[in-house]
Amino acid sequence: MSTLTMSSIAQLAHVERSTVSVWRSRFGADSATPFPAPVPGTENRFTTDEVVRWLVDTEHGNNREVEFDAPLYDSNLQYLLSPAHRERVISLLAQARDHSCLPSELEESDMAQQLDKLCDATYSAQSALQTLAKHVALTEEGVREESLTTKGINLVMAVLDALAEDGQRLLTAWSLGAAALLARNTAAAAELHEDLADANATAQLLGQCFTPPAGPAGSRLHVYLAFHDVDDTLFSGIEQMVLELGPWDAAVIIAPTSLLVDNLVDLPEAAAARAHLLAPPRAAAITPLRYVAALPQGLTRNKGRMALGMWVLAHTEDEFTACASLRLQKLSVAAVEAIAGDALAAAAGGQTARERGFLSTVRVSTSWLAKQPHLHVARRQSLPLDPGSTLAQAWTLRDEVTEALDHLVIEPANDGSDATIPHLTWRAATRARRALFKDMPGAKFSDTLTPLRNRQQPGATECWEREQLINPTVPLRLFDRFELELNTANAPLTQPGDVVYLPGNESAALVDGVGGRFVRAPVRIARPIPARLLHDDLEVGTVASMLAEDIRAGAAAAPDEPRIRAVARERLEDLAEVARDLEARREAHRTEIVALTRLESHLLSGVSGGALTVSSLSDRKDR
């Protein structure tokens, strides 16, 4: 006989446990619909069938699928997960997943009936395995100690998903904590590392819950998650992972910040192990550490206020490490996406990493970082110039100075039907239901924020201000993205194709073809959105360059006059493509000018710092 506790009834009905207590007291034996009585000999255990029938008949709770979901919460699940049956159950479900049915010899057994109910409740054998993995992770002491909070799971899985999708890498668990994390939170193909599978029975059970790979793995994403407080064996496990890291592989290590990032002066054995791992004395190459971060507190479920750190390893064309300080970072959805993107860019290296606007990050030479007593890098710390990397960056900046040419074909229109589309007023064009574009204010921030001088400084972000719109030849100033977001509420960033403009009589407007720039009030953003229904089943839209021209003609200054032009939907895509091509050509010339300035600045710094020498090729020919 299957039974439910008060807590499991609450979970089944999608309510709080206190609500079940209210039901029990309010619907007593004298009620027209009495709450089921406890099983004889117990106080808080109830027959599953009676509880399900009562929930269905009274329509209490927030779950209309209680009949199907009951096997996920009743005592039969504990029976299936008992030490005597668990290994057999997970093996049978794995067979059902791979062969679409249970073995024929089990068709009439009680275990088969319970497994069928579980599969029906979860819709598939794979989902049933995921459910069992969740219960194992919540009940096994060794696994539960290394479990993450919801915020921690969201952050780590965002990083893993980004790295796995980038190179179609196969997820490979190297620790029990990693196995539990993957078993509960991903449907992507995964496997256990052979050493873990051979040494840990619980890991073997969790591994059965993985989605098996469709074929041989081309590359892998190695995952190591362990919350050792003081344990130098952590680094020996990571060292083995480094030895098996293939040329296209990547690795993510989640462990205490005290071991991954902080100074280990009080732990000499762990300090020696970390130093040996990062810079092996006799190895031809150092460990390819590409991203290191001190993460915020509150990511561990059962380790109190333990702070976690993260390493990302990958082989890249250059030897740089992005060092992020995220201890005070609020993990909003945008911040999680930014951290995952930072880890991905750091693992890609090369131009991808150089062009990335990292969040609270300094990018330094890996060989230099490996020799430091800790992996913290001050965001404004003066770092020594490395001649080789400085020369490589100089070449890259030189190569950016190129000329881009686009070719435009213009043909006559077959008819003049577009001329019948009336112009819209500013108010009508920004009306919520039929808006042609979204109008957003810029951010207000204090004049005490100091602009940055070095474009190469991590976090340096351009900002649209009034002066640049009034006089486009004035260069955009750079600000520290972290400081702006920390001190300014709702600081918007432009997207490619946004129109930045000044409201009122100044009527200045430009198209931002790059995006990723701050906007400072009084500057505003007008962001074109997909075509909307105007009237008489006519769908129209606008493009950024046309909107900018309308604003310069006074559309925003006279919101009640029809000055916003629109284009029929069938011609909008072609016009938008041409407008993008023209803006790209203009942006290429702006970029070339900026690249020349950056190249000059870099050469001046490199020569004065003793890392470079320069001369003109024409001068050499004349000598």
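For clarity, every value in this text was computed on a predicted model and none was experimentally measured.

(A) Molecular detail of the overall build of the chain. Assigned secondary structure in the chain consists of 26 helices and 22 strands. Residue burial in the chain is summarised as follows: out of 623 residues, 46% are buried. In the structure as shown, the chain presents an accessible area of about 32,200 Å², 50% of it carried by carbon and sulfur atoms.

(B) Local environment of the packing of helix α14 (residues 233-243) against helix α16 (residues 268-278). The interhelical angle for the contact between α14 and α16, taken along N-to-C directions, is 10°, at an axis separation of 10 Å. Classed by the angle they form, the pair α14 and α16 counts as roughly parallel. Facing Phe 235, Ile 238, Glu 239 and Val 242 of α14, the residues of α16 in contact are Ala 270, Ala 273, Arg 274, His 276 and Leu 277. Residues that form the contact of α14 with α16 fall into these classes: 6 nonpolar, 1 polar and 2 charged.

(C) How the structure looks around the packing of helix α10 (residues 150-166) against helix α17 (residues 333-348). Two elements in contact, α10 and α17, have axes separated by 9 Å at closest approach and are oriented at 40°. Taken as axis vectors, α10 and α17 run oblique relative to one another. The element α10 and its partner α17 pack so that their crossing is right-handed. Mapping the contact onto sequence places Asn 154, Leu 155, Ala 158, Val 159, Ala 162, Leu 163 and Asp 166 in α10 and Val 336, Ile 339, Ala 340, Ala 343, Leu 344 and Ala 347 in α17.

(D) Layout of the pattern of salt bridges. Summed over all chains, the structure comprises 14 salt bridges. Measuring nitrogen to oxygen at the nearest pair gives 3.3 Å for the salt bridge that ties Arg 524 to Asp 439. Of this pair, Arg 524 sits in strand β18 (residues 524-528) while Asp 439 is found in strand β12 (residues 437-441), placing the two residues 85 residues apart along the sequence. Classification of Arg 524 by relative accessible area gives partly exposed; the value is 22%. Exposure remark for Asp 439: the relative accessible area of 27% places this residue in the partly exposed category.

(E) View of the sheet that holds β18. Strand order in the open sheet formed by 4 strands is β12-β18-β15-β16, with antiparallel pairing between adjacent strands. Each edge of the open sheet is held by one strand with a lone partner, namely β12 and β16 (509-512). Neighbour to neighbour, the strand axes of the sheet diverge by 25° on average, direction disregarded. Pairing of strand β15 (residues 498-501) with β18 involves 3 bridges; the strand directions are antiparallel. Directly across from Val 499, in β18, lies its bridge partner Ala 526.

(F) Up close: the side chain of Arg 274. With respect to the helices and strands, the residue Arg 274 is situated in helix α16. Of the side chains bearing the opposite charge, Asp 262 lies closest to the buried Arg 274, which forms no salt bridge; the N-O distance is 6.9 Å. Within polar-contact distance, the side chain of Arg 274 engages the backbone oxygen of Leu 260 at 3.5 Å. In this view, Arg 274 contacts Phe 235, Leu 259, Leu 260, Val 261, Asp 262, Asn 263, Leu 264, Trp 311, Pro 373 and His 374; residues no more than four positions away in its chain are not counted.

(G) Quick look at the nonpolar core. Residues Leu 160, Leu 221, Val 252, Tyr 291 and Met 310 are the most contacted members of the largest nonpolar core, which totals 58 residues. When residues no more than four places from it in sequence are discounted, the contact partners of Leu 160 are Leu 171, Leu 181, Leu 182, Leu 221, Val 223 and Val 252. Counting residues in hydrophobic clusters, the runner-up holds 30 residues, among them Val 242, Leu 260, Val 261 and Val 364.

(H) Inspection of the sheet that holds strand β17 (residues 518-519) at higher detail. With mixed pairing, the 3 strands of this open sheet are ordered in space as β14-β13-β17. Each edge of the open sheet is held by one strand with a lone partner, namely β14 (477-480) and β17. Summarising the sheet, strand β13 (residues 460-464) and β14 pair through 4 bridges and their orientation is antiparallel. Following the sheet pairing, Cys 463 is matched in β14 by Arg 477.

(I) Just helix α11 (residues 176-185), in detail. Burial runs high along α11: 8 of the 10 residues are buried. Of the positions making up α11, those classed as buried are Leu 176, Gly 177, Ala 178, Ala 179, Ala 180, Leu 181, Leu 182 and Ala 183.

(J) Representation of the side chain of Arg 517 within the structure. Positionally, Arg 517 belongs in the loop between β16 and β17. According to the relative accessible area criterion, Arg 517 is buried, its value standing at 9%. Among residues more than four places away in sequence, those in contact with Arg 517 are Thr 461, Glu 462, Trp 464, Leu 476, Pro 492, Leu 493, Thr 494, Asp 512 and Glu 587.

(K) Expanded view of the confidence of the model for the chain. For the chain, per-residue confidence averages 78 on the pLDDT scale, and 76% of positions sit at 70 or higher. Here residues 379-385 is modelled with pLDDT under 50, and outside its nearest four sequence neighbours on either side it reaches 20 contacts, counting other chains as well.

(L) Spatial organisation of a negative patch on the surface. On the surface, a cluster of negative charge is contributed by Glu 194, Asp 195, Asp 198 and Glu 244. Among the structural elements, Asp 198 can be located in helix α12 (residues 194-199).

(M) Structural view of the packing of aromatic side chains. Overall, the coordinates contain 8 aromatic pairs when judged by the stated rule. Aromatic pair Trp 426 and Phe 437: ring centres 5.0 Å apart, planes at 65°, arrangement edge-to-face. Placement of the pair is Trp 426 in helix α21 (residues 426-429) and Phe 437 in strand β12, with a sequence separation of 11 residues. Across the pair, exposure class does not vary: Trp 426 and Phe 437 are buried alike.

(N) Representation of the pairing of strand β8 (residues 308-314) in the model. Within β8, 7 of the 7 residues are buried, which leaves it mostly tucked inside the rest of the structure. Where burial is concerned, the two faces of β8 agree: the one with Leu 308, Met 310, Val 312 and Ala 314 and the one with Gly 309, Trp 311 and Leu 313 are both buried. As defined by bridge partners, strand β6 (residues 250-256) adjoins β8 across 7 bridges and the pair is classed as antiparallel. Within β8, the residue paired with Ala 250 across the bridge is Ala 314. Relative to β8, strand β7 (residues 289-294) is paired through 5 bridges, and the arrangement is antiparallel. From the neighbouring strand, Leu 289 faces β8, where its bridge partner is Leu 313.

Criteria and thresholds
- Each chain has its residues counted from 1, following the order in which its sequence is written.
- Totals for whole chains, interfaces and linings use every residue, but because this is a predicted model, local features are given only for residues with pLDDT of at least 70 and side-chain atom pairs only at 80 or more, for both listing and counting.
- For side-chain calculations, the full set of non-hydrogen atoms in the structure is used, while hydrogens and water are omitted.
- Elements are defined by DSSP. Helices are runs of H or I of four residues or more, strands are runs of E of two residues or more, and each kind is numbered from the N terminus.
- Only protein chains enter the calculation, and the probe is 1.4 Å; a residue is then buried if its accessible area is under 20% of its type maximum, exposed if over 50%, and partly exposed in between.
- Residue burial considers only the protein chains on display, and all accessible areas are found by Shrake-Rupley using a 1.4 Å probe.
- Lines fitted to C-alpha atoms define the axes, with helix axes restricted to the stretch in contact, and inter-axis angles between N-to-C directions lie between 0 and 180 degrees.
- Should an angle fall under 35 degrees it is called roughly parallel, over 145 degrees roughly antiparallel, and 65 to 115 degrees roughly perpendicular, with every other angle called oblique.
- The contact criterion used throughout is that any non-hydrogen atoms of two residues lie within 4.5 Å.
- Residues are grouped as follows: Ala, Val, Leu, Ile, Met, Phe, Trp, Tyr, Cys and Pro are nonpolar; Asp, Glu, Lys and Arg are charged; all remaining types, including Gly, are polar.
- The hand of a helix crossing depends on one turn: near helix anticlockwise from the far one by less than a right angle means left-handed, and clockwise means right-handed.
- We count a salt bridge whenever a side-chain nitrogen from Lys or Arg sits within 4 Å of a carboxyl oxygen from Asp or Glu.
- Paired strands, in this sense, are two strands between which DSSP finds at least two bridges.
- All tallies of charge rest on Lys and Arg as positive and Asp and Glu as negative; His and the ends of each chain are not included.
- Here a polar contact is taken to be a pair of N or O atoms separated by no more than 3.5 Å, where protein atoms must pair a possible hydrogen donor with a possible acceptor and residues adjacent in sequence count only if both atoms sit in side chains.
- Working definition of a nonpolar core: buried Ala, Val, Leu, Ile, Met, Phe, Trp, Tyr and Cys residues. They are joined through side-chain atoms within 4.5 Å.
- Per-residue confidence from the predictor is reported as pLDDT, which spans 0 to 100.
- Residues form patches when they are more than 30% accessible in relative terms and have no salt bridge. Like charges link within 9 Å. Nonpolar side chains (Val, Leu, Ile, Met, Phe, Trp, Tyr) link within 5 Å.
- Throughout, a charge is located at the NZ atom of Lys, the CZ atom of Arg, the CG atom of Asp or the CD atom of Glu.
- Pairs were defined over the aromatic rings of Phe, Tyr and Trp, the Trp ring being its six-membered one, requiring ring centres within 6.5 Å. Orientation was assigned from the angle between planes: stacked under 30 degrees, edge-to-face over 60, tilted for the rest.

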